[in-house]
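Listed below, chain by chain, are the residues.
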Amino acid sequence: MTPFPVLFVCLGNICRSPLAEGIFRDMTMQNGREHDYPTDSAGTGGWHIGYPPDARSVQVAREHGIDISDLRARRIEASDFERFELILAMDRSNLRHLQDMAPRQTAATLALFSAYALGQEIDIPDPYYGGIEGFRDVYSMLFSGCRSLVTKFEAERASWSGNTSSVR
Ligand code: 4NP
């Protein structure tokens, strides 16, 4: 299939969006679909450019067997609106920022992560100023959302191929 690149966006690109990227990649790899759904993450702010994810995100990911320590923070850039089909914001403030900077004619779909994945208009809360439990809560919200995304994509794939009995 034509690859369907997905970008996760938060404020700093060190807490929520790298975790979302790691979870989503892990799920698509488990399905052998990582080349169909290439993924990345970015921040709307630039304070942490070049830095690895926050140690608490790395720890929580590791608790679930996912290594995100090699990711590096970057800022969203104009070319992202051409490279990615789907750009998912972690909270409404991130989404407004994306909508403000998106070129008028972008073909990318911009949406709130929870709204797109789960049909719930809720923010993934910024865990930066809290403790590890906040990161665990974020992980579980992201896990539910990513699972739903992957299920949705696979269902769409099956319907395109006219075969709902098998996704392969
Ligand atoms: P993130 O969390 O947007 O999930 O990466 C934050 C990281 C850093 C800051 C804010 C939020 N900060 O203000 O530096």
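Right above here is the structure, for reference.
Positions within a chain are numbered from 1, following the residues in the order the chain's sequence is written. In keeping with the model being predicted, local features are shown solely for residues with a pLDDT of at least 70 and side-chain atom pairs are shown and tallied solely at 80 or more, while totals for entire chains, interfaces and linings include all residues. As a rule here, side-chain values cover all heavy atoms of the structure and leave hydrogens and water aside.

## Things to note about the overall build of the chain
Turning to step 1, where the next piece is worked out: If you tally the helices and strands in the chain, you get 6 helices and 4 strands.
Turning to step 2, where the next piece is worked out: Written out in order from the N terminus, the α and β elements of the chain read β-α-β-α-α-β-α-β-α-α.
Turning to step 3, where the next piece is worked out: Note on method: radius of gyration uses C-alpha positions; expected globular size equals 2.2 Å times residues raised to 0.38. Whereas a compact globule of 168 residues would reach a radius of gyration of roughly 15 Å, the chain reaches 15 Å, a difference of no more than 12%.
Turning to step 4, where the next piece is worked out: Its C-alpha atoms put the chain at 50 × 40 × 30 Å along the principal axes. Working definition: helices are DSSP H or I runs of at least four residues, strands are E runs of at least two. Numbering for both runs from the N terminus.

## A look at the environment of M141
Turning to step 1, where the next piece is worked out: Mapped onto the secondary structure, M141 falls in helix α6 (residues 132-160).
Turning to step 2, where the next piece is worked out: Any two residues whose heavy atoms approach within 4.5 Å are treated as being in contact. When residues no more than four places from it in sequence are discounted, the contact partners of M141 are F113, I122, D123, I124 and P125.

## Examining the site of the ligand
Turning to step 1, where the next piece is worked out: Distances are taken per atom, and a residue is near a molecule or strand as soon as one of its heavy atoms is within 4 Å of it. As a structural note, the neighbourhood of the ligand is formed by C10, L11, G12, N13, I14, C15, R16, H48, D126, Y128 and Y129.
Turning to step 2, where the next piece is worked out: Residue G12 places a main-chain N or O atom 2.8 Å away from an oxygen atom belonging to the ligand.
Turning to step 3, where the next piece is worked out: A distance of 2.8 Å separates an oxygen atom of the ligand from a polar side-chain atom of H48.
Turning to step 4, where the next piece is worked out: The protein chains shown are the only cover counted for residues, whose accessible areas, like all others here, come from Shrake-Rupley with a 1.4 Å probe. Coverage of the ligand by the protein chains reaches 92% of its 350 Å² of free accessible surface.
Turning to step 5, where the next piece is worked out: Under the scheme applied, nonpolar residues are Ala, Val, Leu, Ile, Met, Phe, Trp, Tyr, Cys and Pro; charged residues are Asp, Glu, Lys and Arg; polar residues are all the others, including Gly. Of the residues that constitute the shell around the ligand, the class distribution is 6 nonpolar, 3 polar and 2 charged. We call two N or O atoms a polar contact when they sit within 3.5 Å, provided that within protein one can donate a hydrogen and the other can accept it, with sequence-adjacent residues counted only if both atoms are side-chain atoms.

## Re the packing of aromatic side chains
Turning to step 1, where the next piece is worked out: Paired rings are identified among Phe, Tyr and Trp, the last through its six-membered ring, by centres lying within 6.5 Å, and are further divided according to the angle between planes into stacked (under 30 degrees), edge-to-face (over 60) and tilted (the rest). Taken as a whole and judged by the stated rule, the model has 8 aromatic pairs.
Turning to step 2, where the next piece is worked out: Ring centres of F4 and F153 lie 5.3 Å apart, and the angle between their planes is 65°; on these two criteria the pair is classed as edge-to-face. Residue F4 is found in the segment before β1 (6-10), and its partner F153 is found in helix α6; the two are separated by 149 residues along the sequence.
Turning to step 3, where the next piece is worked out: Under the relative-accessibility criterion, F153 is labelled buried at 3%.
Turning to step 4, where the next piece is worked out: Between the aromatic rings of Y37 and F153, the centroid separation amounts to 4.9 Å while the plane-to-plane angle is 15°, which identifies the pairing as stacked. With Y37 in the loop between α1 (16-30) and β2 (39-43) and F153 in helix α6, this pair connects stretches of sequence that are 116 residues apart.
Turning to step 5, where the next piece is worked out: Here the aromatic cluster, defined as three or more aromatic residues joined through ring pairs, consists of F4, F8, F24, Y37, F113 and F153.
Turning to step 6, where the next piece is worked out: A cation over an aromatic ring shows up here: K152 above the ring of Y116, its NZ or CZ 4.8 Å from the ring centre. Residue exposure (1.4 Å probe, protein chains only): buried if accessible area is under 20% of the type maximum, exposed if over 50%, otherwise partly exposed. Only when the NZ of Lys or the CZ of Arg is both within 6 Å of the ring centre and within 35 degrees of the ring normal is a charge said to sit over the ring.

## A look at the packing of helix α2 (residues 55-63) against α6
Between two packed helices, the angle of one axis relative to the other and the distance separating the axes together describe the packing.
Turning to step 1, where the next piece is worked out: Close contact between α2 and α6 brings their axes to 9 Å; oriented N to C, the two are set at 55°. Taken together, the axes of α2 and α6 lie oblique to each other. Handedness of the crossing formed by α2 with α6: right-handed. Between α2 and α6, the residues in contact are R56, S57, Q59, V60 and E63 and I132, F135, R136 and Y139, respectively.
Turning to step 2, where the next piece is worked out: Taken together, the residues of the contact of α2 with α6 break down into 4 nonpolar, 2 polar and 3 charged. An axis is simply a line fitted to the C-alpha atoms; with a helix, the fit covers only the stretch in contact. Between two such axes, the angle follows the N-to-C directions and lies from 0 to 180 degrees. Angles are sorted into four bins: roughly parallel if under 35 degrees, roughly antiparallel if over 145, roughly perpendicular if 65 to 115, and oblique for all others. Left-handed describes a crossing in which the near helix is turned anticlockwise from the far one by less than a right angle; the clockwise case is right-handed.

## Observations concerning unusual backbone geometry
Turning to step 1, where the next piece is worked out: Its identity as a non-glycine residue notwithstanding, N13 has a phi of 60°, on the positive side.
Turning to step 2, where the next piece is worked out: Within the secondary structure, N13 sits in the loop between β1 and α1.
Turning to step 3, where the next piece is worked out: Given the relative accessible area of 3%, N13 is considered buried.

## Things to note about the side chain of D91
Turning to step 1, where the next piece is worked out: Structurally, D91 can be placed in the loop between β3 (86-89) and α4 (92-101).
Turning to step 2, where the next piece is worked out: Taking relative accessible area as the criterion, D91 reaches 11% and is therefore assigned buried.
Turning to step 3, where the next piece is worked out: A distance of 3.1 Å separates a polar atom in the side chain of D91 from the backbone nitrogen of S93.
Turning to step 4, where the next piece is worked out: A distance of 2.8 Å separates the side chain of D91 from the backbone nitrogen of N94, its partner in a polar contact.
Turning to step 5, where the next piece is worked out: Non-local contacts of D91, meaning those with residues more than four positions away in its chain, are made with R16, L112, D123 and I124.

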